[in-house]
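Report on the structure
Okay, here's what each chain looks like letter by letter:
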Amino acid sequence: MMEALNYLIPAAFHAATPILFAALGGLLTELAGYINIGLEGTLLTSAFFAVVVSTLAGNAWLGLAAGALSGVVVSFLLATVILKLRANIVIAGFATNLLASGGTVFLMSTWFGEEGVFRSPDTPVIPTVDLPLIDGVPILGEVLNHHSILVYLGWISVGLVSYLIYRTKWGLHLRVTGESEETALSTGINVERLRLQAFLLSGFFAGLGGSYLSLGLTQFFMRGMSAGRGFIALAAVYFGGFTPLGATLASLLFGFAGGVANYFQTLGLPSQLLEMTPYVLTLVAILVYSIRRSSRYGLTEEETSKSL
Amino acid sequence: MIGVGAGFIAIVLTSSSPLNSMYVFITGPFSSIYWIGTTLNRAIPLIFVGLGITIAFKARVFNIGAQGQFYIGALLGTLAGVYLGLPPVLHVAAVMVASGLAGAAYAFLPGLFKSRWGTNEIVTTLMFNFIAIHLISYLLANQLQDPMANYNVSPSVRSSATLPEILSPSPLHAGILIAVLFVLLVFVFLDKSVFGYKLRLSGLNPDFSRYGGIDRGVVIIAAMVLSGALAGLGGGIRIIGVQGKLTEGFLPMVGYDAINISLIARNHPLGIVPAALFFAFLGVGGEVAGLFTDVSPHLVNIIKAGIFYLVTAQALFGFVEKLISEDRLEGLA
């Protein structure tokens, strides 16, 4: 049992990290009033550029920067289409995912002549670290130590995003905008700029998550390697009740479920039902949420037409 | 068009003989009976699912769960095709009923949630999509796995349940005729029936129609159920027309393509046919170009992404700016 936990808890941290980054990004656009279906494609794009730049430049930090930047660019494209051209967020979100799945394979085959996997023995990856203070502590030391720097950066980002949302004027404006566009406009908030900023930040965080996929969790790019994590992150935003802490706990829970599913797979047990957990839990959570809301405020379809 | 243009620019940039590649891409789907049949075949599931989306959009219900409803329809269609023992025509009918009912049942839940508690159908149907995917991969790895196969695939449906091929040597099957029949049925339902009228009215203006005595809750559920039934039917027809057995992850974009098909068709059932053919043409054109030129077949996804990005871009088409933020999602109807 202990052995399983010793394997599972670090595995859960690793599985949770890309989900967590993407969920923080998804949370920011959600608060701005937009469901970010494009997280999946953002993760995939940044995973690709992170490992490609890291390999070609021989520097993992440049790879990370490229991953984050490509996330921002993809998000900027999505935001432009939505905010400037006034396209529908859901459909444009799926466009992002299509562009990412087609575009990454297209570039991989054009640049490297590979259709499935881009891999090089010389890819530098983001280093792992040991925290000196808790190194000797029995259980904690083993569980919390020796992760990729990006895992710790993920935890730090939770604090940063919380601070941004709840302690800054920008965060206040963001929440007001998500709550009611009219109120935001009437108090003089530049709604469009705020939303664009939310999307760019969202792309930045999802970009870090994607970089972790190819420079931490693995050391290669594989077509479609985001494998639904963007949607799990979206589920984490909803399951977590639209708060950074909630999204974090949800990401850890879903990461843990994913870790257990992998563990089952190695034991030859059916893992597919476990992989369903994020979606079933989120379904139940939003159902409970909407039942409580409708019993409090009555049935309001106009509200439902917004993000939730 | 801009998406297609971007795709052709990519051809020019990456191909050693761009003109030839483009020529192959455009003419490929028409170059032989085989490819014509393949293109028509590809359009069949898109027509069914696209019709389903159209009904939902007309009622101003945003069903993005067609992918899951399509899969659940395929699942039950497979079960009916494998385990029922019936004479030929009846067996096909049984598969159609099973897959249609399955898709309808799977869409009923998000419809019920929306009508009872206002639960956002975008999120619920999206979750249901992933639940369907994992459910099917679980069943294919366990109870439903063909004992003779050593990978995750169901047993084949009986020959009494398969649809005949009608344009040899192409794989085109009789499902195209059923698809056309349903195009007409949906057209008559939406345009000529009383309930279809109520459904459209409720979609156009929920509040106004409520004062007019139309039960919005009933409309929401009915739209979801009909939408799911058509998507599920598309899944069942795909199984007995082309695949013969259930596999993992087949046609993973059909539900999302169908949304765009319905939008391009301006949510009109008769428009679904050319729009679905256009998408099928893109897919097959990319495939032919991938086979016979040095162009990557993944280019098609980039072209489709361009279409997805811009198909709802109102500012681009100079549409009226009457749809302010709350109506942004509803602007589709």
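Just above, that's the structure.
Heads up: these notes are all about the structure in this document.

1. With respect to the overall build of chain B
For chain B, the helix and strand inventory stands at 13 helices and zero strands. For chain B, the proportion of its 333 residues judged to be buried stands at 60%. Considering only contacts in chain B between residues 6 or more positions apart, those separated by 24 or more positions represent 75%. By element, 69% of the accessible surface of chain B is carried by carbon and sulfur atoms, the whole surface being about 12,800 Å².

2. Observations concerning the interface of chain A and chain B
By a widespread convention, an interface's size corresponds to the accessible area lost as its parts come together. Counting residues at the interface gives 59 residues for chain A, matched by 61 residues for chain B. Summed over both sides, the interface of chain A with chain B buries roughly 5,200 Å², with 69% coming from carbon and sulfur. On the chain A side of the contact with chain B, A:Arg86, A:Ile91 and A:Leu98 bury the most area, a combined 14% of that side's loss. Connecting chain A to chain B are zero salt bridges. Inspection of the chain A/chain B interface yields five residue pairs in polar contact (both at pLDDT 80 or more).

3. Here we look at the packing of helix H6 (residues 149-167) of chain A against helix H7 (residues 169-179) of chain A
All names here are of chain A. Remark: H6 packs on H7, axes separated minimally by 5 Å, with the N-to-C direction vectors making an angle of 70 degrees. In terms of axis orientation, H6 runs roughly perpendicular to H7. In contact with Leu164, Ile165, Tyr166 and Arg167 of H6, H7 contributes Lys169, Trp170, Gly171, Leu172 and Arg175. Considering only residue class, the contact of H6 with H7 consists of five nonpolar, one polar and three charged.

4. Concerning the environment of A:Ala250
Within the secondary structure, A:Ala250 is located in helix H11 (residues 244-267). Expressed as a C-alpha distance, the spacing of A:Ala250 and A:Val176, which sit 74 residues apart in the sequence, is 24 Å.

5. Overview of unusual backbone geometry
Residue B:Pro169 is reached from B:Ser168 by a cis peptide bond, and omega for that bond is 5 degrees. Positionally, B:Pro169 belongs in the loop between helix H6 (121-141) and helix H7 (175-192). Phi at A:Ala227 is positive, roughly 45 degrees, even though this residue is not glycine. Looking at the secondary structure, you find A:Ala227 in the loop between strand S4 (220-222) and helix H10 (229-239). Classification of A:Ala227 by relative accessible area gives exposed; the value is 56%.

6. Points about the side chain of A:Ser211
The topology assignment puts A:Ser211 in helix H9 (residues 191-217). Once residues within four sequence positions are removed from consideration, A:Ser211 is found in contact with A:Ser46, A:Ala47, A:Ala50, A:Leu64, A:Gly67, A:Ala68, A:Leu150 and A:Gly216.

7. Regarding the packing of aromatic side chains
Two aromatic rings are characterised by how far apart their centres lie and by the angle between their planes. Residue and element names in this part refer to chain A. What the rule picks out here adds up to 29 aromatic pairs over all chains. With 6.5 Å between their ring centres and 70 degrees between their planes, Phe49 and Trp111 make a pair best called edge-to-face. Pair noted here: Phe49 is in helix H2 (residues 39-57) and Trp111 is in helix H4 (residues 89-112), with a separation of 62 residues, a long-range link. Put simply, the rings of Phe48, Phe49, Trp111, Phe112, Phe118 and Phe221 pair up and form one aromatic cluster. Positioned above the aromatic ring of Phe220 is the side chain of Arg119, whose terminal nitrogen or guanidinium carbon lies 4.5 Å from the ring centre.

8. Overview of the packing of H2(A) against H9(A)
Residues and elements named next belong to chain A. Where H2 meets H9, the closest approach of the two axes is 7 Å, and the angle between their N-to-C directions is 55 degrees. Judged by the inter-axis angle, H2 sits oblique to H9. Read as a crossing pair, H2 and H9 show a hand that is right-handed. Taken together, the residues of H9 that come into contact with H2 (itself represented by Leu39, Thr42, Leu43, Ser46, Ala47, Ala50, Val51 and Ser54) are Ser202, Gly203, Ala206, Gly207, Gly209, Gly210, Ser211, Leu213, Ser214 and Leu215. Residue classes in the contact of H2 with H9 are distributed as eight nonpolar, ten polar and no charged.

9. Here we look at the nonpolar core
Residues A:Ile35, A:Val90, A:Phe94, A:Phe221, B:Leu126 and B:Leu246 are the most contacted members of the largest nonpolar core, which totals 171 residues. In terms of residues, this core owes the most to one element, helix H3 (residues 33-58) of chain B, which gives eleven residues.

10. Description of the pattern of salt bridges
All names here are of chain B. Going through the model one piece at a time under the given rule, you end up with six salt bridges over all chains. Salt-bridge contacts for Arg42 lead to Glu287; the nearest nitrogen and oxygen are separated by 3.2 Å. With Arg42 in helix H3 and Glu287 in helix H12 (residues 269-292), the pair connects residues that are 245 residues apart, well separated along the chain. Accessibility expressed as a relative area gives 22% for Arg42, which makes it partly exposed. In this structure Glu287 comes out as partly exposed when scored by relative accessible area, which is 36%. The closest approach of N and O atoms between Lys304 and Asp257, which form a salt bridge, is 2.9 Å. Of this pair, Lys304 sits in helix H13 (residues 299-310) while Asp257 sits in helix H11 (residues 254-264), placing them 47 residues apart in sequence. What makes Lys304 buried here is its relative accessible area of 11%. Accessibility expressed as a relative area gives 6% for Asp257, which makes it buried.

11. Considerations on the side chain of B:Asn63
Mapping B:Asn63 onto the fold places it in the loop between H3 and helix H4 (66-83). Of the polar contacts made by the side chain of B:Asn63, one reaches the backbone nitrogen of B:Gly65; its length is 2.8 Å.

Basis of the calculations
Residues numbered from 1 in each chain as written. Chains lettered and ligands numbered in written order. Predicted model: local features only at pLDDT ≥ 70, side-chain atom pairs only at ≥ 80, totals over all residues. Heavy atoms only, no water. Helix = DSSP H or I, 4+ residues; strand = E, 2+ residues; numbered from the N terminus. Buried < 20%, exposed > 50% of the residue type's maximum accessible area, 1.4 Å probe, protein only. Contact = heavy atoms within 4.5 Å. Areas by Shrake-Rupley, 256 points an atom, 1.4 Å probe, with all protein chains shown as cover. Buried area = accessible area lost by both parts, 1.4 Å probe. Salt bridge = Lys/Arg side-chain N within 4 Å of Asp/Glu carboxyl O. Polar contact = N/O pair within 3.5 Å; in protein donor to acceptor, adjacent residues only side chain to side chain. Axes fitted to C-alpha atoms, helices over the stretch in contact; angles between N-to-C directions. Parallel < 35°, antiparallel > 145°, perpendicular 65-115°, else oblique. Nonpolar A, V, L, I, M, F, W, Y, C, P; charged D, E, K, R; others polar. Phe/Tyr/Trp six-rings, centres within 6.5 Å; stacked < 30°, edge-to-face > 60°. Lys NZ or Arg CZ within 6 Å of the ring centre and 35° of its normal. Left-handed = near helix turned anticlockwise from the far one by under 90°. Core = buried A, V, L, I, M, F, W, Y, C linked by side-chain atoms within 4.5 Å.

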